[in-house]
Amino acid sequence: MMIKKLFTQLKPPYLLADWAITPAWFLIPLMFVAALMNGYLMIKNPNIGGDALQYHSVFHNFIAGKGWTNYDGVWLPVEAGYGLLSYLFFLVIKDIEYSGMLVSSVSYLAMIPTTYLAVKYLFGKRSALLASFLIAFWPTLLSYSYINLTDSVFTFLLLLGFLLYSRVLLGNRSVLGEIFLGFVLGLAYLTREPEGFFV
């Protein structure tokens, strides 16, 4: 009985108490630290492998009017989502390698507030703070956060789709929200077709 009373009267840890920290004071420094880790990895490990080059070259050739072909001019059935997003960054920075890395980096950083919002909506603020912290420092997510591959983008789109779907499912329905949900899930499918099929 005494142990039960002790646990029911315990206050939550200072950093997770409702009055101790607001989401902005937690998420902004967390995203800043995540951006520093990601930026360091991106600068130290520039990368563009065979798979990434296929994603980029196919979309660049398509925009140039050469059809859905890779850098050798061979028709290649690859997903369009990652190539489209990296091409949008390419229009600004004019570097194929870094445009793909920036897509992955932005997706990784966007996962943090998206996770916070999704978990807060379903489980509350304390769980959301913990979940966003884990997303920022999870080794696998961090290791893919700068790589020229579809993993970070697909994970972000799934998290965003989960957030939108949970809001639609739990009563905050709107036509615009449902259209945006369809757009996000469609882009997830176009980013990784085999896994996207199950979306």
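Anyway, here's the lowdown on the structure attached to this text. Every value quoted in this text rests on a predicted model; they were computed, and no experiment measured them. (Residues numbered from 1 in each chain as written. Predicted model: local features only at pLDDT ≥ 70, side-chain atom pairs only at ≥ 80, totals over all residues. Heavy atoms only, no water.)

1. Here we look at helix 5 (residues 96-123)
Under the 1.5 Å per step criterion, the end-to-end length of helix 5 is 40 Å for 28 residues, consistent within 8% with the ideal 40 Å. Bending of helix 5 peaks at approximately 25 degrees at the position of Met-111, with proline Pro-113 no more than four residues after it. The N-cap of helix 5, judged by a side-chain oxygen 3.0 Å from the amide nitrogen of Glu-97 a few residues on, is Asp-95. Gly-124 lies just past helix 5 and shows a positive phi near 110 degrees. (Helix = DSSP H or I, 4+ residues; strand = E, 2+ residues; numbered from the N terminus. Expected span 1.5 Å × (residues − 1). Bend = angle between axes of the 7 residues up to and from the residue. Polar contact = N/O pair within 3.5 Å; in protein donor to acceptor, adjacent residues only side chain to side chain.)

2. Observations regarding helix 9 (residues 175-191)
Compared with an ideal rise of 1.5 Å per residue, which puts 17 residues at 24 Å, helix 9 spans 24 Å between its outermost C-alpha atoms and is within 8% of the ideal. Among all positions of helix 9, only Leu-181, Val-184, Leu-187, Ala-188 and Thr-191 are buried. The buried residues of helix 9 all sit within an arc of 130 degrees when viewed along its axis, so they share a single face. Of the exposed residues in helix 9, those oriented more than 90 degrees away from the buried face are Val-175, Ile-179 and Phe-183. (Buried < 20%, exposed > 50% of the residue type's maximum accessible area, 1.4 Å probe, protein only. Arc of directions from axis to C-beta.)

3. Looking at the packing of helix 2 (residues 23-44) against helix 6 (residues 125-137)
Following both chains from N to C, one finds helix 2 and helix 6 inclined at 10 degrees, their axes separated by 10 Å at the closest point. In terms of their interaxial angle, helix 2 and helix 6 are classed as roughly parallel. Here helix 2 contributes Pro-23, Phe-26, Leu-27, Leu-30, Val-33, Ala-34 and Met-37 to the contact with helix 6, which in turn contributes Lys-125, Leu-129, Ser-132, Phe-133, Ala-136 and Phe-137. Considered class by class, the residues forming the contact of helix 2 with helix 6 number eleven nonpolar, one polar and one charged. (Axes fitted to C-alpha atoms, helices over the stretch in contact; angles between N-to-C directions. Parallel < 35°, antiparallel > 145°, perpendicular 65-115°, else oblique. Contact = heavy atoms within 4.5 Å. Nonpolar A, V, L, I, M, F, W, Y, C, P; charged D, E, K, R; others polar.)

4. Quick word on the packing of aromatic side chains
Under the defined criterion, the tally for this structure stands at five aromatic pairs. Consider the rings of Phe-59 and Phe-62, whose centres lie 6.2 Å apart with planes at 45 degrees: the pair is tilted. Residue Phe-59 and its partner Phe-62 are both found in helix 3 (residues 50-63); the two are separated by three residues, about one turn of the helix. A relative accessible area of 44% places Phe-62 in the partly exposed class. Site record: aromatic cluster; members linked through ring pairs are Phe-59, Phe-62, Tyr-87 and Phe-90. Lying across the ring of Phe-90, Lys-94 places its NZ or CZ 5.8 Å from the centre. The ring centre of Tyr-121 lies 4.6 Å from the NZ or CZ of Arg-167, which sits over that ring. (Phe/Tyr/Trp six-rings, centres within 6.5 Å; stacked < 30°, edge-to-face > 60°. Lys NZ or Arg CZ within 6 Å of the ring centre and 35° of its normal.)

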